[in-house]
Amino acid sequence: MNDLTTLTLADTIQALRDKKFSLSELLSSYRSVIEKHNQKLNILLTTTLDNHPEQLDSPLAGSPLVVKDNISTKNIQTTAASTVLDGYRPPFDATIIHRLYQAGASIIGKSNLDAWAHGSSTETSQYGRTLNPRNPDYLPGGSSGGSAAAVAANMCAAAIGTETAGSIRQPAAWCGVVGLKPSYGRVSRFGVIAMASSTDSPGPITKTVEDAAILLNFIAGHDHHDSTTSSQSAPDFTTNINQSIKNLRVGILYQGIKGLEIVDPHLQKVGQVLESLGAQVDSVSAMDPKLAISVYTVVQRGEVSSNLARMDGVRFGNDRSYFGDEAKRRIMLGTYTLSKGYADQYYNTAQKVRTLFIEDFKKLFKKFDVLISPTSPSFAKKVGATADAAMFGELEDMLLEPSSITGLPGINVPCYQDKKTHLFLGLNIVAPMWREDLVIKVADAYEKATSWNEWRNKA
Amino acid sequence: MKQTEYQLICGMEVHAELKTKSKMFCGCKNDPFHASKPNCYTCPTCLGLPGALPVANSTAIEWTIKLGLALNCRINLFSKFDRKHYFYPDLPKGYQISQYDLPFCYDGYLETSAGKVRIHRIHLEEDTGKLLHKTVHNQKVSLVDFNRSGVPLIEIVTEPDIKSAAQAKEYAKTLRGILRELHIADCDMEQGGMRLEANISLQAVGTKELPNYKIELKNINSFRFLEQAINYEIERQSQVLQNGEQLNQETRGWNAVQNKTFLQRTKEEAEDYRYFPDPDLPPIRLSTNQIEIIKQNLPELPLERAKRWMSNYHLQPEFATRLSEDTKHAQQLDSLFKLAVNKKFEPSKLANQIVNKKITVNYQNLEATLEEFESLNATATVDDNDLEKIIRQVLAEHQDAVNRYHAGQKQVLSFFMGQVMKNLKVKADPQQVRSTLHKYLDN
Amino acid sequence: MAKITSTQVKHIAKLAHLEIDNRQSVAFKKAFRETLQVIDNLQSVKVEGAEPTHQVTGLENIWRDDEVDESSMLSQKEALRNAKNVYQGYFVVPRLIDQDE
């Protein structure tokens with residue numbers, strides 16, 4: 001019976017349509033997984049397993065999904081994992097929630113995250129850290145750690161996370177699942193509790209690349225409630241599944257830079273796999289990612305200090321004394337870098353360096369169709385690793401920040417599993433703005449040419 | 001000790017709510033003054049709920065540019081919205097969406113009878129909610145209503161060109177006339193639909209040095225209070241400076257009961273609003289063509305209309321200005337003057353009598369108005385002999401007044417006019433009486 | 001590198017509307033130092049001629065028509081539902097100025 005929860009999203013939809021089992025049978029399977037593991041792993045902050053109608057005629061056919069708890073769900077508690085919002089039940093649905101309901105999703109839970117999505121571990125959650133389902137001595141990564149863990153633990157058919165700089169891809173890497181960060185502006189932010197408004201991108205976290213393409217189809221596209229969404233209509237992303245990557249030009253980034261000793265050899269092997277599929281693979285050097293950390297840190301702290309100013313306990317939630325140390329730290333730093341006399345030195349300079357990164361990528365994409373790198377410099381870190389490290393997340397996400405501050409689409413696919421610890425390493429694939437099709441195509445080809453994906457092998 | 005004379009240095013900041021159908025950044029109804037209850041015109045965006053986003057109202061942008069063009073401003077072809085941060089319970093997001101370094105309009109002017117007042121900038125922002133200060137269950141609290149939150153608000157900032165309280169009042173009234181003429185704002189002062197602020201300091205006459213302080217007069221809700229408050233401040237500040245004391249930056253309000261200004265807040269440290277471009281709102285780029293179209297569709301403004309009436313109908317400036325402010329009846333007044341000319345009446349006399357309330361204009365029936373004008377001013381031609389007889393009689397009776405006239409007190413003439421008119425049994429043409437009087441007196 | 005003093009930390013906390021105790025003040029000074037150490041490399045980048053990027057989409061002139069969207073509006077009850085302190089349809093906050101109306 002519990003095998004139902006190991007089905008990919010694509011197979012779940014198909015099986016529901018073929019009436020191999022009913023939605024209520026499926027939901028009770030998920031319920032038993034959740035009841036068995038959630039207390040220990042602390043993946044879901046809220047479960048909403050009841051009252052989901054059968055909807056076989058809809059595209060998602062009722063498939064059970066989990067969404068990160070910084071995404072507003074009407075009448076369902078939405079906390080962003082901070083007690084500031086304890087008990088807050090939004091009077092509206094985020095646009096992506098609305099779209100998922102319309103596509104026939106059953107949203108069965110809200111997943112844990114670093115409070116306000118500030119972090120790369122879920123250790124800053126004011127509702128307690130999430131543990132990695134692959135190995136509970138380790139962290140799931142973050143900030144969408146709960147969503148990635150929910151997928152890895154078979155608590156849902158697929159999940160939605162949000163990324164500002166690594167928050168989808170890094171936990172996906174640590175939990176050994178697929179995480180797709182769309183181009184900034186591809187997916188509506190309306191109703192997503194803002195972290196850094198100029199880089200926040202909601203996206204799918206799934207068992208397979210195909211599942212990510214399926215979910216992206218339903219959440220992508222212009223939203224008249226979000227002025228920063230692109231007006232171009234989103235293509236059918238699933239057409240990039242099972243396509244040849246012959247003659248595609250692939251650039252390997254950040255080879256040989258300090259701190260990547262663990263992942264480097266695995267990336268070499270990725271290169272070989274892609275070459276065997278007909279791609280042209282070459283090393284390439286790019287702007288120092290350490291500068292991207294600085295740009296991101298300054299921009300993100302500034303925007304955070306502004307976005308969290310509305311949390312005053314008057315119209316909803318609790319007052320500002322409920323903020324955890326990490327949020328306070330970020331608000332303080334952002335306030336400082338935006339204040340008189342410092343804005344020029346920090347904020348304005350950072351935005352200029354951001355332009356240099358955009359130009360650098362433009363140059364690189366003249367020579368390459370996609371760029372690849374490790375998602376994270378290492379395997380998942382041990383529980384407790386982040387205590388009191390002001391820059392933990394940024395150093396962890398260094399390899400992803402250049403593409404985050406420039407808005408580019410990227411994906412994580414598992415590219416190695418350690419037999420002893422059961423922990424994963426991840427491959428990050430980045431393409432030019434609006435070219436999610438390319439990252440999906442390459443990731444799918446890679447996934448199918450290797451054996452790291454346990455769910456795909458079951459199908 | 002010698003009294004130093006001071007010159008007023010004054011600039012104004014005027015806020016006006018635009019009367020768009022919906023709010024500035026969301027689709028909520030923009031009608032806070034007529035809402036049936038508090039907090040009934042809100043949505044996640046104007047309540048500042050987590051995750052809600054703004055989308056700009058294109059009409060509000062167009063109207064701001066319209067006002068800029070009417071005030072002879074230059075228009076920024078590239079503009080954007082910025083976040084201005086401060087904490088107050090009526091500001092739901094902890095920041096106000098405003099414009100920092102690229103306002104829609106800049107470098108314009110408005111003409112007053114005492115000279116041009118240069119417009120520094122006009123920008124578009126969102127209004128805050130409204131606070132009501134009450135005691136509830138023995139606790140002093142403020143009640144917050146967000147019906148007004150997010151209503152489009154324009155701020156018009158002048159250069160410190162205003163030289164008198166009267167000029168400040170004229171500036172503000174003329175500005176209101178323009179806002180109404182453009183049909184972009186109702187400017188209900190009582191309700192706070194238009195809010196006046198004056199930045200006031202004094203400069204010793206003869207010195208070039210600019211004052212090193214500025215008193216902000218805030219929350220003035222009538223033109224009369226504005227004038228009174230500025231005059232009060234001139235008096236107060238002169239005395240302080242005369243005593244050799246320093247004036248500091250502070251904000252003052254007007255107490256209309258005691259007729260004086262009062263201290264609201266001193267500025268301990270410079271404000272730090274931490275402006276940065278709002279990442280939720282893409283910038284705005286306008287073409288010269290778009291601006292040209294807005295310009296061509298501008299209606300005639302009161303000042304232009306007054307000028308036209310002065311040159312076409314020879315209205316005296318004072319009456320032309322007064323009547324031109326009545327934007328609601330501008331067209332009918334135009335027709336009325338034209339009709340008057342056709343009937344060989346003097347429009348200037350007509351205007352004078354309308355302003356002085358001798359005639360009430362019947363806007364439904366302009367012909368009737370002119371009939372009233374005609375009968376009011378009907379005169380009989382008096383027989384010259386009868387007139388001269390009466391004049392001789394009056395002069396004889398008031399020989400002392402005649403002497404005074406010849407001694408140079410020409411104003412005695414009006415006394416004679418009155419006496420003669422009284423003695424005539426019919427309504428005489430004053431022109432005829434005056435010239436005959438002159439004949440007798442000046443020969 | 002810029003150094004942050006306790007007075008500055010206090011001032012920033014005031015601007016940010018946060019209450020900071022002594023323990024936090026010390027911790028924040030350390031966190032500031034760590035963070036500033038990382039981001040100070042920005043000062044070494046040649047940015048002359050580079051325009052700042054505030055938004056990466058290149059979008060411009062995104063606006064809506066001036067129409068009332070009733071479907072997004074909340075009833076008074078919905079608007080007030082998440083507030084801790086309400087009175088006769090209003091949100092309630094402690095008094096900031098001493099003046100009754």
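Numbering of residues starts from 1 in every chain and runs along the sequence as written. Throughout, the order in which chains and ligands are written sets their labels, letters from A for the former and numbers from 1 for the latter. Reporting of local features is limited, given that this is a predicted model, to residues whose pLDDT is at least 70; pairs of side-chain atoms are given and counted only at 80 or more, and all residues count toward the totals for whole chains, interfaces and linings.

Participant: Which parts of the structure should I look at to understand the overall build of chain A?
Facilitator: The helix and strand inventory of chain A stands at 14 helices and 11 strands. Using C-alpha atoms as the atom set, the radius of gyration is obtained and then compared with a globule rule of 2.2 Å times the number of residues to the power 0.38. A compact globule built from 459 residues should have a C-alpha radius of gyration of about 23 Å, and chain A, at 20 Å, falls within 12% of that. Counting only C-alpha atoms, chain A reaches 60 × 60 × 45 Å along its principal axes. Remark: residues whose backbone-derived C-beta atoms lie within 7 Å of one another are considered to be in contact. If you take every contact in chain A between residues at least 6 apart in sequence, the share linking residues at least 24 apart comes to 76%. The secondary structure listing takes helices from DSSP runs of H or I that are at least 4 residues long and strands from runs of E that are at least 2 residues long, numbered from the N terminus.

Participant: Any chance you could explain the interface of chain B and chain A here in plain terms?
Facilitator: Accessible area lost during the coming together of the parts is what is often quoted as the interface size. On the chain A side, the residues contacting the 23 residues of chain B number 33 residues. Gly is placed with the polar residues, together with every amino acid not listed as nonpolar (Ala, Val, Leu, Ile, Met, Phe, Trp, Tyr, Cys and Pro) or charged (Asp, Glu, Lys and Arg). Of the residues belonging to the side of chain B that touches chain A, the class tally is 14 nonpolar, 4 polar and 5 charged.

Participant: What is the right way to read the interface of chain A and chain C from this model?
Facilitator: Taken residue by residue, the interface counts 47 residues in chain A and 38 residues in chain C. The element that contributes the greatest number of residues to the side of chain A that touches chain C is helix 10 (residues 344-367) of chain A, accounting for 11 residues. Along the lines of polarity and charge, the residues of the side of chain A that touches chain C split into 19 nonpolar, 19 polar and 9 charged.

Participant: Is there a simple way to think about unusual backbone geometry in this case?
Facilitator: In terms of backbone geometry, most residues other than glycine have negative phi values and most peptide bonds are trans. Note that the residue after Gly-142 of chain A, namely Ser-143 of chain A, is joined by a cis bond; omega there is 10 degrees. Tracing the backbone through its elements, the reader meets Ser-143 of chain A in the loop between strand 3 (106-111) and helix 4 (145-152). The phi dihedral of Cys-187 of chain B is positive, around 55 degrees, even though this residue is not glycine. With respect to the secondary-structure elements, Cys-187 of chain B resides in the loop between helix 2 (165-181) and strand 12 (194-204).

Participant: Just checking my understanding: could you explain the sheet that holds strand 4 (residues 158-163) of chain A for this structure?
Facilitator: All names here are of chain A. We call two strands paired when DSSP finds no fewer than two bridges between them. Strand order in the open sheet made by the 11 strands is 1-3-2-4-6-5-10-11-9-7-8, with mixed pairing throughout. Of all the strands in the sheet, just strand 1 (44-47) and strand 8 (280-283) have a single pairing partner and so form its edges. Geometrically, the sheet is characterised by an average inter-axis angle of 25 degrees between neighbouring strands, direction not taken into account. The sheet contact formed by strand 5 (residues 178-181) and strand 6 (residues 201-206) spans 2 bridges and is antiparallel. In the strand pairing of strand 6, Gly-179 is matched with Ile-205. Interaxial angle, 0 to 180 degrees, is taken between N-to-C directions of lines fitted to C-alpha atoms, where a helix line uses only the stretch in contact.

Participant: Explain the confidence of the model for chain C here, please?
Facilitator: Do not read the predicted coordinates in detail wherever pLDDT is low. Residue-level confidence of the predictor is what pLDDT reports, using numbers from 0 through 100. When the pLDDT values of chain C are averaged, the result is 91; 94% of them are 70 or greater. Among the scores for the predicted complex, ipTM is 0.96 and pTM is 0.89.

Participant: Help me understand the environment of Trp-116 of chain A in this model?
Facilitator: Residues and elements named next belong to chain A. By the secondary structure assignment, Trp-116 is in the loop between strand 3 and helix 4. Judged by C-beta crowding, with 31 C-beta atoms within 10 Å, Trp-116 ranks as buried. Linking Trp-116 and Asn-51, residues 65 residues apart in sequence, is a C-alpha distance of 29 Å. When neighbours within four sequence positions are excluded, Trp-116 is seen to be in contact with Ala-80, Ser-82, Met-195, Leu-308 and Ala-327. Whether a residue is buried, exposed or partly exposed follows from its count of other C-beta atoms within 10 Å of its own C-beta, namely 20 or more, 12 or fewer, or something in between, respectively; the C-beta atoms are built from the backbone.

Participant: Sorry, what's going on with the packing of helix 12 (residues 412-423) of chain B against helix 13 (residues 430-442) of chain B here?
Facilitator: The relative placement of two packed helices is expressed as an angle between their axes plus a distance between the axes. Residue and element names in this part refer to chain B. Across the interface, helix 12 lies against helix 13 with an axial gap of 10 Å and an inter-helix angle of 120 degrees. Taken as axis vectors, helix 12 and helix 13 run oblique relative to one another. Every pair of crossing elements has a handedness; the one defined by helix 12 and helix 13 is right-handed. Contact residues: Leu-413, Phe-416, Met-417, Val-420 and Met-421 in helix 12; Pro-430, Val-433, Arg-434 and Leu-437 in helix 13. Angles below 35 degrees are treated as roughly parallel, those above 145 as roughly antiparallel, those between 65 and 115 as roughly perpendicular, and all remaining angles as oblique. Less than a right angle of anticlockwise turn of the near helix away from the far helix marks a crossing as left-handed, whereas a clockwise turn marks it as right-handed.

Participant: Which parts of the structure should I look at to understand the nonpolar core?
Facilitator: Most often, soluble globular proteins keep nonpolar side chains buried together rather than apart. The term nonpolar core means buried Ala, Val, Leu, Ile, Met, Phe, Trp, Tyr and Cys residues held together as one set by C-beta atoms within 7 Å. Grouped together as the largest cluster of nonpolar side chains are 257 residues, with contacts concentrated most on Leu-65, Cys-156 and Val-370 of chain A. Here this core takes 8 residues from helix 8 (residues 289-307) of chain A, the largest share from any one element. Once you skip the residues sitting within four places of it in the chain, Val-370 of chain A turns out to touch Leu-248, Val-250, Ile-429, Val-430, Ala-431, Leu-438, Val-439 and Val-442 of chain A. Core analysis: the next-biggest nonpolar cluster, separate from the first, contains 9 residues, Val-394, Val-420, Ala-428 and Val-433 of chain B among them.

Participant: Where do I start with the sheet that holds strand 6 (residues 95-98) of chain B in this structure?
Facilitator: Remark on secondary structure: sheet strands pair via backbone hydrogen bonds, oriented parallel or antiparallel. Residues and elements named next belong to chain B. Within the open sheet, the 3 strands sit side by side as 6-5-16. Their pairing is antiparallel. What marks the edges here is a single partner per strand, and that holds for strand 6 and strand 16 (276-277). Where strand 5 (residues 82-85) and strand 6 come together, 4 bridges link them in antiparallel fashion. Within the sheet, the bridge partner assigned to His-85 lies in strand 6 and is Tyr-95.

Participant: Would you mind going over helix 5 (residues 302-313) of chain B with me for this structure?
Facilitator: What sets the pattern is the α-helix's 3.6 residues per turn: residues three or four places apart point alike. All names here are of chain B. Each residue after the first adds 1.5 Å to the expected span of a helix. Over its 12 residues, helix 5 runs 15 Å from end to end, which matches the ideal 16 Å to within 8%, given 1.5 Å per residue. Of the positions making up helix 5, those classed as buried are Pro-302, Leu-303, Arg-305, Ala-306, Trp-309 and Tyr-313. Taken around the axis of helix 5, the buried residues stretch over an arc of 165 degrees, which confines them to a single face. His-314 sits one or two residues past helix 5 and shows a positive phi near 60 degrees. What the arc covers is the set of directions going from the helix axis to the C-beta atoms.

Participant: What is the right way to read the packing of helix 5 of chain B against helix 6 (residues 317-324) of chain B from this model?
Facilitator: All names here are of chain B. Close contact between helix 5 and helix 6 brings their axes to 8 Å; oriented N to C, the two are set at 140 degrees. In terms of orientation, helix 5 and helix 6 fall into the oblique class. In the crossing of helix 5 with helix 6, the sense of the turn from one axis to the other is right-handed. Every residue of helix 6 that contacts helix 5 at Pro-302, Arg-305, Ala-306, Trp-309 and Met-310 is listed here: Pro-317, Ala-320, Thr-321 and Ser-324. When its residues are assigned to classes, the contact of helix 5 with helix 6 shows 6 nonpolar, 2 polar and 1 charged.

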